Amino acid sequence: MTNIAPTTEPQLADATEAIVTRAARERSNRSQRSRSALRQMLPTMTPWLAFGLVLIGSIAAFGLIGPYLVGDPATIRNIGLTGPSAEHLLGTTQTGQDVLAQLTYATRGSLEIGLIVGVLATALSAFFGIFGAYIGGFADEAFSLLSNVFLVIPGLPLVIVISGFVPAEARGLWTIAVVLAITSWAGSARVLRAQTLSIRNRDYVAASRVAGEKAWRVIVVEILPNLLPVLASQFVFAVIAAILGEAGLSFIGLGASNSSTLGTMLFYAQNGFALPLGAWWWFVPPGLLIALFGMGLSLVNFSIDEIINPKLKHVRQHARRARRARREQLRKERSR
């Protein structure tokens, strides 16, 4: 009787199935790691963060949609200075102009200036801070010297001097935004330079440089993702500073002459003697919007600080583990 031993070599179908299973497992592990890294870079949703996002979203919607729902803010009516009523919800100015219509257009103008300054200031600080620190040598020394020069110059007097030299007819929204961006990037550049000097010496950055990767690719792929929380925090702070700076410039008559902002509303309310006349509806709404928008951005910035600050980050991780442990305990108790 002939014994036929079973073959021990793997079949082709089994090998293909094993390869496919292994590849799917590796893709799943990579996607889980990427999702975990993304979650680590996002702030924890807290009541304060939710409240800040609601404030920012509400004011942004008011500035973006509001102008389409109101009339012309420059329309002059023969009713003079009147208080809030059913026809004019926030009253009128001394020339009969609707304050609510002015407020919607002014909010849009302030948001535009804040966004422009935030983008420009963040881009300048990233260029002078990240690029200079990575390249090193003379470029780093020159960029660092330039940052130090802008740091020692008082910001508000410099903004006033630059705005004062610009003719009133040429002092538009973009001009004010560029002036505010030029005078507000240096401090953020110093922070980014210190962070980049620390990241530049890490193993994965050194491996990319040894592999012959170009400088711009190392900065964009290896260094920049680690600095995204810092850049986000600096962008939020730049927007807050821009809106407050523009309001201060407009209040002293150096703001944008051909656009409406919350600062220009306060300027015209001051010139119209709104406070002595008791016309609170003229100056309280723009000041309140500036305060609320700044508070919303500050609450978001505090939440981003949890990612930047290692101590706060560990506190957040411990809180997550404690919540996960409580959920597991509740699940076990329910299963019993």
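Quantities reported herein were computed from a predicted structural model and do not represent experimental measurements.

Visitor: With reference to specific residues and values, describe the nonpolar core.
Guide: Formed by 28 residues in total, the largest nonpolar core has its most connected members in Leu103, Leu262, Trp282, Ile290, Phe293 and Leu297. Elements represented by at least two residues in this core include exactly α2 (47-65), α3 (99-135), α10 (228-251), α11 (262-271) and α13 (280-308). Ignoring anything within four residues of it in the chain, the contact list for Leu262 reads Leu103, Ala106, Thr107, Ser110, Pro286, Leu289 and Ile290. Membership of the second largest hydrophobic core comes to 14 residues, among which are Val117, Leu173, Ala177 and Ala181.

Visitor: Would you mind going over the packing of aromatic side chains in detail, with residue names and values included?
Guide: Per the counting criterion, the structure on display carries eight aromatic pairs. Relative to Trp185, the ring of Phe128 lies with its centre 4.6 Å away and its plane at 25°, an arrangement referred to as stacked. Linking Phe128 in helix α3 with Trp185 in the loop between α6 (173-182) and α7 (186-200), this pair joins segments that are 57 residues apart in sequence. Pair check on accessibility: Phe128 and Trp185 agree, each one buried. Judged by centre distance (5.9 Å) and plane angle (80°), the rings of Trp280 and Trp281 are edge-to-face. Put simply, the rings of Phe127, Phe128, Phe131, Phe143, Phe150 and Trp185 touch in pairs and so form one group of aromatic residues.

Visitor: Please give an account of a nonpolar patch on the surface that cites residues and values.
Guide: Together, Leu145, Val149, Leu151, Val152 and Ile153 give the surface a local cluster of nonpolar side chains, amounting to about 440 Å² of exposed area. Tracing the backbone through its elements, the reader meets Val152 in helix α4 (residues 137-152).

Visitor: Hey, could you go over the pattern of salt bridges for me, with residue numbers and the actual values?
Guide: Scanning the model with the defined rule gives two salt bridges in all. Asp140 serves as the salt-bridge partner of Arg193, at 2.8 Å between the closest nitrogen and oxygen. Of the two residues, Arg193 sits in helix α7 while Asp140 sits in helix α4, which places them 53 residues apart along the sequence. Across this residue pair, the class does not change: Arg193 and Asp140 are buried. With a shortest N-O distance of 2.8 Å, Glu328 and Arg331 are connected by a salt bridge. With a gap of three residues between them, Glu328 and Arg331 both fall in helix α14 (residues 310-335), about one helical turn apart.

Visitor: Explain empty space enclosed by the protein to me, using residue names and the numbers behind them.
Guide: Within the structure shown, the criterion is met by two cavities of 30 Å³ or more. Every residue lining the largest cavity is listed: Ile59, Thr107, Ser110, Leu111, Ile243, Leu262, Leu289, Ile290 and Phe293. The set of elements that each furnish at least two residues to the lining of the largest cavity consists of α3 and α13. Across the lining of the largest cavity, the residue classes tally to seven nonpolar, two polar and no charged.

Visitor: Please set out the confidence of the model for the chain residue by residue, giving values where relevant.
Guide: Of the residues in the chain, 82% reach a pLDDT of 70 or more, and the chain-wide mean stands at 79. When mean pLDDT is taken per element in the chain, α3 scores highest with 90 and helix α1 (residues 12-41) scores lowest with 50. Note that residues 4-10 has pLDDT below 50 and, in this model, zero contacts with residues that lie over four places away or in other chains. The low-confidence segment residues 29-38, where pLDDT is below 50, has zero contacts with residues more than four positions distant or belonging to other chains.

Visitor: Quick one: what's the story with the side chain of Asp140, residue by residue and with numbers?
Guide: Residue classification places Asp140 among the buried residues on the basis of a relative accessible area of 7%. With residues near it in sequence (within four places) discarded, Asp140 still touches Gly132, Ala133 and Arg193.

Visitor: Provide a residue-level description of a positive patch on the surface, including the pertinent values.
Guide: Together, Arg321, Arg323, Arg324, Arg326 and Arg327 make up a region of like positive charge exposed at the surface. For Arg321, the location among the structural elements is in helix α14.

Visitor: Could you give an account of the packing of helix α5 (residues 155-165) against α6, with specific residues and numbers?
Guide: Pairs of packed helices are described in terms of their axes, by the angle between the two and the distance that separates them. Where α5 meets α6, the closest approach of the two axes is 10 Å, and the angle between their N-to-C directions is 150°. Compared by their axis directions, α5 and α6 come out roughly antiparallel. Crossing angle aside, the handedness with which α5 passes α6 is right-handed. Taken together, the residues of α6 that come into contact with α5 (itself represented by Val159, Ile162 and Ser163) are Ile176, Val179 and Leu180. For the contact of α5 with α6, the class distribution of residues is five nonpolar, one polar and no charged.

Visitor: For the environment of Ala242, give the residues involved together with the corresponding values.
Guide: Along the chain, Ala242 turns up in helix α10. With sequence-adjacent residues up to four places away left out, Ala242 is seen in contact with Ile113, Gly114, Val117 and Leu180.

Visitor: Run through α4, naming residues and quoting values.
Guide: Under the 1.5 Å per step criterion, the end-to-end length of α4 is 23 Å for 16 residues, consistent within 8% with the ideal 22 Å. Regarding α4, the residues found buried are Asp140, Phe143, Ser144 and Ser147. For α4, the arc enclosing every buried residue in end-on projection is 100°, short of the 170-degree limit, so these residues lie on one face. Relative to its buried face, α4 has exposed residues pointing more than 90 degrees away, namely Phe138, Glu141, Leu145 and Val152.

Visitor: I'd like to hear about the environment of Val70, residue by residue, with values.
Guide: Looking at the secondary structure, you find Val70 in the loop between α2 and α3. Considering only alpha carbons, one finds Val70 and Leu100, 30 residues apart in sequence, at a separation of 7.8 Å. Setting aside chain neighbours within four positions, we find Val70 in contact with Leu100, Ala101, Thr104 and Tyr105.

Parameters and conventions
- Per chain, residues are indexed from 1 in the order of the written sequence.
- Restriction of local features to residues with pLDDT of at least 70 applies here, the model being predicted, together with a cutoff of 80 or more for giving and counting side-chain atom pairs; totals for whole chains, interfaces and linings are based on all residues.
- Excluded from the side-chain calculation are hydrogens and water; included are all heavy atoms of the structure.
- Nine residue types can take part in a nonpolar core, namely buried Ala, Val, Leu, Ile, Met, Phe, Trp, Tyr and Cys, and a core is a set of them joined through side-chain atoms within 4.5 Å.
- Burial classes: relative accessible area under 20% of the type maximum marks a residue as buried, over 50% as exposed, and values in between as partly exposed (1.4 Å probe, protein chains only).
- Secondary structure follows DSSP: runs of H or I at least 4 residues long count as helices, runs of E at least 2 residues long count as strands, and numbering of each begins at the N terminus.
- It only takes one pair of heavy atoms within 4.5 Å for two residues to be counted as in contact.
- Stacked, edge-to-face and tilted are the three classes for Phe, Tyr and Trp ring pairs, Trp counted by its six-membered ring, which pair at centre distances within 6.5 Å; planes under 30 degrees apart are stacked, over 60 edge-to-face, the rest tilted.
- The patches reported here contain residues having more than 30% relative accessible area and no salt bridge. Joining distances are 9 Å for like charges and 5 Å for nonpolar side chains (Val, Leu, Ile, Met, Phe, Trp, Tyr).
- Note on areas: Shrake-Rupley with a 1.4 Å probe; residue coverage comes only from the protein chains shown.
- Here a salt bridge means any side-chain nitrogen of Lys or Arg lying within 4 Å of a carboxyl oxygen belonging to Asp or Glu.
- Cavities and pockets were defined on a 1 Å grid built over protein atoms only: a cavity is a set of grid points that admits a 1.4 Å probe from which the probe cannot escape, a pocket is an open set flanked by protein on both sides within 12 Å along at least five of seven lines, and lining residues are those with an atom within 4 Å of any such point.
- Grid points are joined across faces, edges and corners, and a volume is the space filled by probe spheres set on the points.
- The classification used treats Ala, Val, Leu, Ile, Met, Phe, Trp, Tyr, Cys and Pro as nonpolar, Asp, Glu, Lys and Arg as charged, and all other residues, Gly among them, as polar.
- The pLDDT value tells you how sure the predictor is about a given residue, anywhere from 0 up to 100.
- In summary, the charge assignment counts Lys and Arg as positive and Asp and Glu as negative, without counting His or the chain termini.
- Positions of charges follow a simple convention, taking NZ of Lys, CZ of Arg, CG of Asp or CD of Glu.
- Where helices are involved, their axes are fitted lines through C-alpha atoms of the stretch in contact, as for all axes, and angles between N-to-C directions lie from 0 to 180°.
- Each angle is binned into one of four classes, with values under 35 degrees roughly parallel, values over 145 roughly antiparallel, values of 65 to 115 roughly perpendicular, and all other values oblique.
- Handedness of each helix crossing follows the sense of rotation of the near helix against the far helix: counterclockwise by less than a right angle gives left-handed, clockwise gives right-handed.
- A helix's residues, less one, multiplied by 1.5 Å, set its expected span.
- Think of it as the arc spanned by the lines of direction from the helix axis to the C-beta atoms.

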